[in-house]
Amino acid sequence: MPSHKVLQIRLNFNNIAEAFYAVFMDAKAEIAQAEANSTEYLKQVSLLLAENEMLLARLDEQSMDIEAERNAPQNLDDDVALAAKLQALYDQDQTSKKPTLETFDCGICFETLANDYIVQFEQCHHSYCRNCLMVHVSSALRERRYPILCPSCAAEKAEEAAAIDYDILEIIGATAADVAVFEEVQLGVHSFAIQCQKCKETMFIDRDDYQTNDFIICPLPRCHCMWCKKCLQEVGPLHSCDGMIELDKLMKTQGWKYCPACRTPIQKVSGCNHMVCTARGCKTEFCYRCGKGITTYRHDC
């Protein structure tokens with residue numbers, strides 16, 4: 001074998017040996033460090049165990065002292081003991097006087113709420129929260145329903161059901177527009193709007209008065225017009241819807257006569273009292289003085 005190859009093999013072997021030696025030394029150093037760390041750790045554990053034993057010993061001593069104090073006779077002064085007793089009674093009384101939160105169950109949403117949100121009907125004592133009752137009232141006002149009954153009374157079909165009034169509207173926070181609609185539908189139940197035949201003003205009149213009376217009188221102080229409910233004509237003390245009463249009064253005032261056959265009004269302009277009815281198909285002869293029919297040539301009245 002050539003000498004240069006032998007030399008090369010030796011160099012490689014030396015390098016490998018040095019590498020193994022370096023690895024061995026590193027491993028040995030790490031083992032030594034681990035042993036040192038474990039020794040330090042064991043030392044710290046030993047110190048902690050010793051401290052725990054000391055703490056346990058102190059706790060035992062303190063518990064023994066506390067037990068001794070508990071079993072020792074009390075030497076408190078009588079005034080101090082009385083003051084402590086009175087203070088305990090006062091604290092107990094103040095605790096009992098603390099206000100408790102009162103709640104109620106809403107009859108619509110069935111939620112349990114504080115009494116700050118309650119709206120209760122005085123007549124039926126049903127309770128609701130403000131939001132639910134406001135929704136109920138708004139729905140009824142949109143439908144122009146009156147009276148607006150208590151929801152529970154309406155569901156139970158109670159004979160004397162409670163209804164919404166102005167106090168409840170104020171409690172639930174109804175708007176001015178809602179109150180105006182409420183007043184309108186309320187008036188619509190007991191009265192209705194009409195227009196005066198003379199002054200043309202619109203007014204509300206009582207429904208019962210309208211149904212029982214034949215004539216309507218304008219309540220405005222500057223008018224006081226009276227008109228007939230049936231014919232809507234302005235009238236005086238005497239009135240008939242067909243005008244016959246007024247016509248009779250006018251004919252008596254003017255001295256006119258009715259035809260005794262067809263009741264056609266006849267006015268004499270000139271000539272004698274022997275009259276002939278001018279109505280088509282009648283031609284009845286009558287006396288203008290007495291109003292009786294003439295059947296013979298000679299007539300005396």
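What counts and what doesn't
- Residues numbered from 1 in each chain as written.
- Predicted model: local features only at pLDDT ≥ 70, side-chain atom pairs only at ≥ 80, totals over all residues.
- Heavy atoms only, no water.
- UniProt positions renumbered as here; feature names shortened; annotations may be inferred.
- Helix = DSSP H or I, 4+ residues; strand = E, 2+ residues; numbered from the N terminus.
- Expected span 1.5 Å × (residues − 1).
- Buried < 20%, exposed > 50% of the residue type's maximum accessible area, 1.4 Å probe, protein only.
- Contact = heavy atoms within 4.5 Å.
- Phe/Tyr/Trp six-rings, centres within 6.5 Å; stacked < 30°, edge-to-face > 60°.
- Arc of directions from axis to C-beta.
- Patch = residues over 30% accessible without salt bridge, like charges linked within 9 Å, V, L, I, M, F, W, Y side chains within 5 Å.
- Areas by Shrake-Rupley, 256 points an atom, 1.4 Å probe, with all protein chains shown as cover.
- Salt bridge = Lys/Arg side-chain N within 4 Å of Asp/Glu carboxyl O.
- Lys, Arg positive; Asp, Glu negative; His and termini not counted.
- Charge placed at Lys NZ, Arg CZ, Asp CG, Glu CD.
- Core = buried A, V, L, I, M, F, W, Y, C linked by side-chain atoms within 4.5 Å.
- Pairing = 2+ DSSP bridges.

- Going by an unreviewed UniProt entry, the protein carries the name RBR-type E3 ubiquitin transferase and comes from Gymnopilus junonius.
- Its UniProt record, at the heading Catalytic activity (unreviewed entry), says of the protein: "[E2 ubiquitin-conjugating enzyme]-S-ubiquitinyl-L-cysteine + [acceptor protein]-L-lysine = [E2 ubiquitin-conjugating enzyme]-L-cysteine + [acceptor protein]-N(6)-ubiquitinyl-L-lysine."
- Of the protein, the UniProt comment under Pathway (unreviewed entry) reads exactly: "Protein modification; protein ubiquitination."

1. Some thoughts on helix α3 (residues 130–142)
Consideration 1: Between its terminal C-alpha atoms α3 stretches 18 Å, which fits the 18 Å expected from 13 residues at 1.5 Å a residue.
Consideration 2: What α3 keeps buried is the set Cys132, Leu133, Met134, Val137, Ser138, Ala140 and Leu141.
Consideration 3: Buried residues along α3 sit against β3 (118–120), β4 (127–129), α4 (151–156), α5 (166–171) and α6 (176–190).
Consideration 4: Looking at the residues trailing α3, positive phi occurs at Arg144, about 60°.

2. Considering unusual backbone geometry
Consideration 1: Cis geometry marks the peptide bond from Tyr146 to Pro147; its omega dihedral reads -5°.
Consideration 2: Its location among the elements puts Pro147 in the loop between α3 and α4.
Consideration 3: With a phi close to 55°, Lys283 is a non-glycine residue in the positive phi region.

3. Looking at the packing of aromatic side chains
Consideration 1: The full count for this structure, using the stated rule, is 3 aromatic pairs.
Consideration 2: Taking the centre distance of 6.0 Å and the plane angle of 85° together, the rings of Phe121 and Tyr128 count as edge-to-face. The burial state of Phe121 is the same as that of Tyr128; both residues are buried.
Consideration 3: The interplanar angle of 85° and the centroid separation of 5.2 Å between the aromatic rings of Tyr166 and Phe182 together place this pair among those described as edge-to-face. Pair noted here: Tyr166 is in helix α5 and Phe182 is in helix α6, with a separation of 16 residues, a long-range link.
Consideration 4: Judged by its relative accessible area of 1%, Phe182 falls in the buried class.

4. A short note on the environment of Thr296
Consideration 1: Among the structural elements, Thr296 can be located in the segment after β12 (285–287).
Consideration 2: Relative accessible area serves as the criterion here: at 47%, Thr296 is assigned to the partly exposed category.

5. A look at the environment of Thr284
Consideration 1: The topology assignment puts Thr284 in the loop between β11 (274–276) and β12.
Consideration 2: Separated by 10 residues in the primary sequence, Thr284 and Ile294 have C-alpha atoms spaced 8.2 Å apart.
Consideration 3: With near-sequence residues (within four places) excluded, Thr284 lies in contact with Cys259, Pro260, Ala261, Met275, Val276 and Cys277.

6. Some details on α6
Consideration 1: Here α6 is 15 residues long and its end C-alpha atoms lie 22 Å apart, about the 21 Å a rise of 1.5 Å per residue gives.
Consideration 2: What α6 keeps buried is the set Asp178, Val181, Phe182 and Val185. On an axial view of α6, the arc spanned by its buried residues comes to 105°, and they lie on one face.
Consideration 3: Where α6 is buried, its residues touch α3 and α5.

7. Brief notes about a negative patch on the surface
Consideration 1: A surface patch of like charges, here negative, comprises Glu122, Asp165, Asp167 and Glu170.
Consideration 2: With respect to the helices, strands and loops of the structure, Asp167 is situated in helix α5.

8. Looking at the nonpolar core
Consideration 1: Grouped together as the largest cluster of nonpolar side chains are 25 residues, with contacts concentrated most on Phe121, Leu133, Ile164 and Ile172.
Consideration 2: When residues of this core are traced back to their parent elements, those giving at least two are β4, α3, α5 and α6.
Consideration 3: When residues in this core are grouped by element, the largest group, 6 residues, is from α3.
Consideration 4: Leu133 has contacts with Ile108, Val119, Phe121, Tyr128, Pro151, Ile164, Ile168 and Ile172, leaving out every residue within four places of it along the chain.
Consideration 5: By size, the runner-up hydrophobic cluster in this structure holds 9 residues, among which are Cys196, Met203, Ile216 and Trp227.

9. Observations regarding the pattern of salt bridges
Consideration 1: Here the structure, examined in full by the defined rule, presents 3 salt bridges.
Consideration 2: The partner of Glu184 in a salt bridge is Arg144, with the nearest N and O atoms 3.4 Å apart. Here Glu184, found in helix α6, pairs with Arg144, found in the loop between α3 and α4; they are 40 residues apart in sequence, far enough to count as distant.
Consideration 3: A relative accessible area of 44% means that Glu184 is categorised as partly exposed.
Consideration 4: Note on Arg144: relative accessible area 47%, which makes it partly exposed.
Consideration 5: The partner of Glu201 in a salt bridge is Arg222, with the nearest N and O atoms 3.4 Å apart. Of this pair, Glu201 sits in the loop between β5 (191–195) and β6 (202–206) while Arg222 sits in the loop between β7 (215–217) and β8 (226–228), and the two are 21 residues apart along the sequence.

10. Focus on the pairing of β6
Consideration 1: Side chains Met203 and Ile205 of β6 all project onto a buried face; the interleaved residues Thr202, Phe204 and Asp206 project onto a face where none is buried.
Consideration 2: Counting the residues between successive antiparallel strands, the hairpin from β5 to β6 contains 6 residues, one of them, Lys200, with a positive phi of roughly 65°.

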